[in-house]
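If you want the building blocks of each chain, they are given just below.
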Amino acid sequence: MNDLFNLNRKIVLSAPMAGYTNDIYRRFARRFGADLVFTEMISADGLVYSTERTLELMKFSDEEKPIGIQFFTADPDIMYKAALMIRDSGFSVLDLNFGCPVRKVTKRGAGSSLLKSSELAIEIVSAAMESNIPVSVKVRCGFNSCDEWGETLELLEKLENLGVSFITIHPRSARQMFSGKSDWSLIADAVNKLHIPIIGSGDLFSIDDVVKMVETANVAGVSIARGGIANFEIFTQVRAFFENKAIPKFDFYNRVETMREFIAEEFESYGEDIASKWCRKFLVKLTKNIPDASSFRRRLSYIRTLDDVNSFLDDILSRV
Ligand SMILES: Cc1cc2nc3c(=O)[nH]c(=O)nc-3n(C[C@H](O)[C@H](O)[C@H](O)COP(=O)(O)O)c2cc1C
């Protein structure tokens, strides 16, 4: 893991995204240039009690490596047990989710709730370190508002002293969910005050956004989330930028053809029932800004087979 920060360049991460970043997504993100990919957030409690869904979320192949696992929990004992369980699983980093704003998670005291309980957060990080795998943390700027940034920064300073490898910051408050804009000046503040690598997250939809974030905050790397959905090409562009190479251009046709391949792999691995529903949230992204978008969106709920997907994509291409 530490090798990634010794490359003498910035790095591009594929962010954890529940419901999106499964094994196939991660394989594509790696193939297109992501330096490190993440599982979606996984319940440490679910792992300790071995629920089938949790074990399913943890599956990965060599092509995805290096890969990080992201956990959420509010219980240091559970974290300790989960950390021991994944010790030899091949993950390069164990990331802790202190940013999830979803009520199902925060009402249990996990995710962004931990920004309000720094002592417990520290206990959880210490327990995670028992894995002997590098530990990282992902946070928002605060729970109620970014005015709480001072307290969040104090927590981050303590986590740095504990030996956390890097920190990813999505500078919106948990209450904000995804509204407003992320405040990159807070990422810049963390870069100035902390010594470990800081990864920037929030509103990175294009290579231009990444260039601006680097200018604003001089981050050690960026974490691409929504900007990577139906747009794996962004990983190639960011990687080229970080390697000081010419940034390749991709057009809509390229994106559609990548999606064709990606969805075909999903059908092959997961079968029609699962893949036909799963692929709709990717296909809907391709309908943005195309003529007659609403009729394409209506069509999505009728997709059942890979042939349906292919004719949908052919029709989209014939409209642009
Ligand atoms: C559908 C969705 C699922 C997400 N799931 C997770 C998650 O499991 N763990 C996590 O730390 N962040 C999660 N996030 C937050 C992203 O990793 C990222 O920090 C956030 O979307 C801001 O980046 P963006 O504006 O570039 O999308 C999720 C975001 C979205 C949109």
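Whatever comes next refers back to the structure up there.
These numbers were taken from a predicted model, which means no experiment stands behind them.

Caption draft 1: Representation of helix 14 (residues 306–319). A rise of 1.5 Å per residue sets the reference length of helix 14, with its 14 residues, at 20 Å; its end C-alpha atoms lie 20 Å apart and thus fit the reference within 8%. All buried positions along helix 14 are accounted for by Val 309, Phe 312, Leu 313 and Ile 316. Within helix 14, the buried residues cover an arc of 95° as seen down the axis, which keeps them to one side. For helix 14, exposure combined with an orientation more than 90 degrees from the buried face picks out Asp 307 and Ser 318. Along its buried surface, helix 14 packs onto helix 11 (252–278), helix 12 (280–286) and helix 13 (293–300).

Caption draft 2: Examining the site of the ligand more closely. Inspection of the region around the ligand gives 17 residues, with Ala 18, Gln 70, Lys 138, Asp 203 and Arg 226 positioned closest. Between Ala 18 and the ligand, the recorded distance is 2.8 Å, taken from a backbone N or O atom to a nitrogen atom. Between the ligand and the protein, one listed contact pairs an oxygen atom with a side-chain N or O atom of Arg 226 at 2.6 Å. For the ligand, the accessible surface in isolation is 600 Å², of which the surrounding protein chains cover 88%. Tallied by class, the residues present in the shell around the ligand amount to nine nonpolar, five polar and three charged.

Caption draft 3: The nonpolar core, seen in detail. The biggest cluster of nonpolar side chains holds 92 residues, and the ones touching the most others in it are Phe 71, Met 79, Leu 96 and Phe 98. Per element, the largest residue contribution to this core is seven residues, and it comes from helix 11. Counting the residues that make up this core, at least three belong to each of domain 1 (2–242) and domain 2 (252–319). Phe 71 has contacts with Ile 42, Ser 43, Ala 44, Leu 47, Met 79, Ala 82, Ile 86, Leu 94, Asp 95, Leu 96 and Asn 97, leaving out every residue within four places of it along the chain. Residues Leu 4, Phe 38, Val 93 and Ile 199 belong to the second largest nonpolar core, which totals eight residues.

Caption draft 4: A look at the side chain of Thr 54. Checked against the element boundaries, Thr 54 lands in helix 3 (residues 52–57). Given a relative accessible area of 6%, Thr 54 falls into the buried group. Of note is the side chain of Thr 54, whose polar atom sits 2.5 Å from the side chain of Thr 51. Discounting chain neighbours no more than four positions away, the residues touching Thr 54 are Ile 42, Ser 43, Gly 46 and Leu 47.

Definitions and limits used
Residues numbered from 1 in each chain as written. Predicted model: local features only at pLDDT ≥ 70, side-chain atom pairs only at ≥ 80, totals over all residues. Heavy atoms only, no water. Helix = DSSP H or I, 4+ residues; strand = E, 2+ residues; numbered from the N terminus. Expected span 1.5 Å × (residues − 1). Buried < 20%, exposed > 50% of the residue type's maximum accessible area, 1.4 Å probe, protein only. Arc of directions from axis to C-beta. Contact = heavy atoms within 4.5 Å. Near = heavy atom within 4 Å. Polar contact = N/O pair within 3.5 Å; in protein donor to acceptor, adjacent residues only side chain to side chain. Areas by Shrake-Rupley, 256 points an atom, 1.4 Å probe, with all protein chains shown as cover. Nonpolar A, V, L, I, M, F, W, Y, C, P; charged D, E, K, R; others polar. Core = buried A, V, L, I, M, F, W, Y, C linked by side-chain atoms within 4.5 Å. Domains from an automatic or database assignment.

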